[in-house]
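What follows is each chain in one-letter form.
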Amino acid sequence: MTTPAPTKKTFTIGTRKSKLALLQTDLVLEALKKAFPQYEYKVFSKETTGDLNTTIALRDFTTKNLWTEELEELMINGQVDLIVHSLKDVPTTLPSSCKLGPTMPREDSRDVLVVKQGLPYKSLSEIPAGSVVGTSSIRRTAQLAQKYPHLKVQDVRGNIGTRLSKLDAEDSPYTCVILAAAGLLRLDLTDRITQYLDSKNSGMLYAVGQGALGIEIRKEDAVLQNMLDTIGDQDTTFSVLAERSLLRTLEGGCSAPLGVETEWVQNAQGAKQLRMRSVVVSVDGKECAQVELEADVTSAESAEAFGVTVAKALVADGAGDILEAIQQNKAKETVSTAV
């Protein structure tokens, strides 16, 4: 496909101000520079609601676009041309004039265990009963309650550096924290990773879109769409489209206790298929719906359709009741707070 000549020679990339966000933006910037060296690029960064409020637990926010809304407003108004997000932070429903472009190759999508410096534990299964695990994720909290009910969970907010400092502080209540592998790897903090967590070694599934970058553009911007087609990775794009379709269909949003794990496999006939494991767990860990399915995914449409299929299978296994109970509890909490 031939890229249309752009109406402007400089493209402005919007991003959050955190060190990780800027590093991620630089990955996109460098890919665009390499593929399209004839254009100029500049970065515009700002702090968002999610950055500024680090005291409220993520599950207690009433909005899902903590890290995206202000940047989207700038793009809609023409002040930036594209936005680089951590895809797991992007709501599954975008403003009507915006869309996600193709996704670049994904970083490691797993969660990781990070143990406080000086402690001897090498895996989640070694952490002693009563120990405190730091996380603000309802997904991680629910899966921990299901698989490791002897552990306590306590909220921990802030960027990665802040969380590690809270973990390592002498008076820290935390024995360990659970973080996304991608952030630590991109920040060159691999040495802090105690254990990579997955369905096989710990029963922990990751967040929809985790490890991938979401590149958001205006819906009618054919120039940037074609530029992103050039730097995008089809396998990653189809995987995250399926994951996001699953989440959107369940209508759980970013606060749903939904874990996924996708991988490309070969079936018995040697054909390439997308395999998705997915789980929805009640916050107390006592109820669980889980499925594992494979499908031929060869287009954006078939990726979206696969996500819907997985969502329906989860609902049939009880996910709908779990999510409904969570929403009812949230509504009760909202009413009691208002009173």
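Keep in mind the model is a prediction, meaning the values are calculated, not measured.

Draft legend 1. Seen up close, the overall build of the chain. Within the chain, the secondary structure is distributed over 10 helices and 13 strands. In the chain, once contacts between residues fewer than 6 apart in sequence are set aside, the share between residues at least 24 apart is 71%. Accessible area for the chain stands at about 15,700 Å²; split by element, carbon and sulfur atoms hold 49% of it.

Draft legend 2. Layout of the side chain of Asp198. Summarising the element assignment, Asp198 is placed in the loop between strand E9 (195-197) and strand E10 (213-218). Contact partners of Asp198, with chain neighbours within four places excluded, come to Arg110, Gly203, Met204 and Glu261.

Draft legend 3. Representation of the sheet that holds strand E12 (residues 272-281) within the structure. Spatially, the 3 strands line up as an open sheet ordered E11-E12-E13, and their pairing is antiparallel. A single partner strand is all that each edge strand has here, and the edge strands are strand E11 (258-266) and strand E13 (288-295). Strand-to-strand twist across the sheet, computed as the mean angle between neighbouring axes with direction ignored, equals 10 degrees. Both E12 and E13 contribute to a ladder of 8 bridges, which runs antiparallel. By the bridge assignment, Val279 is partnered in E13 with Gln290. The strands touched by helix H4 (residues 138-147) within the sheet are E11, E12 and E13, with E12 carrying the most contacts at an inclination of about 75 degrees. Against the sheet, helix H8 (residues 234-250) engages E11 and E12, with an angle of about 145 degrees to E11.

Draft legend 4. Spatial organisation of the pattern of salt bridges. Taken as a whole and assessed by the stated rule, the structure comprises 18 salt bridges. For Arg218, the salt bridge is made with Asp81, and the minimal N-O distance between the two is 3.1 Å. Highlighted residues: Arg218 in strand E10 and Asp81 in the loop between helix H3 (69-76) and strand E3 (82-86), separated in sequence by 137 residues. The class for Arg218 is partly exposed, based on a relative accessible area of 22%. According to the relative accessible area criterion, Asp81 is buried, its value standing at 3%. The salt bridge partner of Asp235 is Lys272, with a shortest N-O separation of 2.8 Å.

Draft legend 5. Representation of the pairing of strand E5 (residues 111-115). Most of E5 is tucked away: 5 of the 5 residues are buried. Burial along E5 is two-sided: Asp111, Leu113 and Val115 facing one way and Val112 and Val114 facing the other are all buried. Direction of pairing for E5 relative to strand E8 (residues 176-180): antiparallel, over a ladder of 5 bridges. Across the sheet, Val112 pairs through a bridge with Leu179, a residue of E8. Relative to E9, E5 is paired through 3 bridges, and the arrangement is antiparallel. Counterpart to Leu113 in the pairing with E9 is Gln195.

Draft legend 6. Here's a closer look at the packing of aromatic side chains. Enumeration according to the criterion identifies 3 aromatic pairs in this entry. Between the aromatic rings of Phe11 and Tyr39, the centroid separation amounts to 5.6 Å while the plane-to-plane angle is 65 degrees, which identifies the pairing as edge-to-face. Highlighted residues: Phe11 in strand E1 (residues 10-16) and Tyr39 in the loop between helix H1 (19-35) and strand E2 (40-46), separated in sequence by 28 residues. Neither Phe11 nor Tyr39 differs from the other in exposure class; each is buried. A centroid spacing of 6.3 Å and a plane angle of 15 degrees characterise the contact between Phe36 and Tyr39, whose relative ring orientation is stacked.

Draft legend 7. Geometry of unusual backbone geometry. Located in the positive-phi region is Asp188, a residue other than glycine, with phi close to 60 degrees. A relative accessible area of 64% means that Asp188 is categorised as exposed.

Draft legend 8. Quick look at the side chain of Arg140. Relative to the assigned elements, Arg140 resides in helix H4. By relative accessible area, which is 6% here, Arg140 ends up buried. Within the structure, Arg140 has its side chain in polar contact with the side chain of Asp111 (distance 2.8 Å). If we ignore the near neighbours within four places in the chain, the residues touching Arg140 are Asp111, Thr135, Ile178, Leu179, Ala180, Met204 and Gln210.

What counts as what
- Residues numbered from 1 in each chain as written.
- Predicted model: local features only at pLDDT ≥ 70, side-chain atom pairs only at ≥ 80, totals over all residues.
- Heavy atoms only, no water.
- Helix = DSSP H or I, 4+ residues; strand = E, 2+ residues; numbered from the N terminus.
- Contact = heavy atoms within 4.5 Å.
- Areas by Shrake-Rupley, 256 points an atom, 1.4 Å probe, with all protein chains shown as cover.
- Pairing = 2+ DSSP bridges.
- Axes fitted to C-alpha atoms, helices over the stretch in contact; angles between N-to-C directions.
- Salt bridge = Lys/Arg side-chain N within 4 Å of Asp/Glu carboxyl O.
- Buried < 20%, exposed > 50% of the residue type's maximum accessible area, 1.4 Å probe, protein only.
- Phe/Tyr/Trp six-rings, centres within 6.5 Å; stacked < 30°, edge-to-face > 60°.
- Polar contact = N/O pair within 3.5 Å; in protein donor to acceptor, adjacent residues only side chain to side chain.

What is shown is where atoms sit, not what they do.
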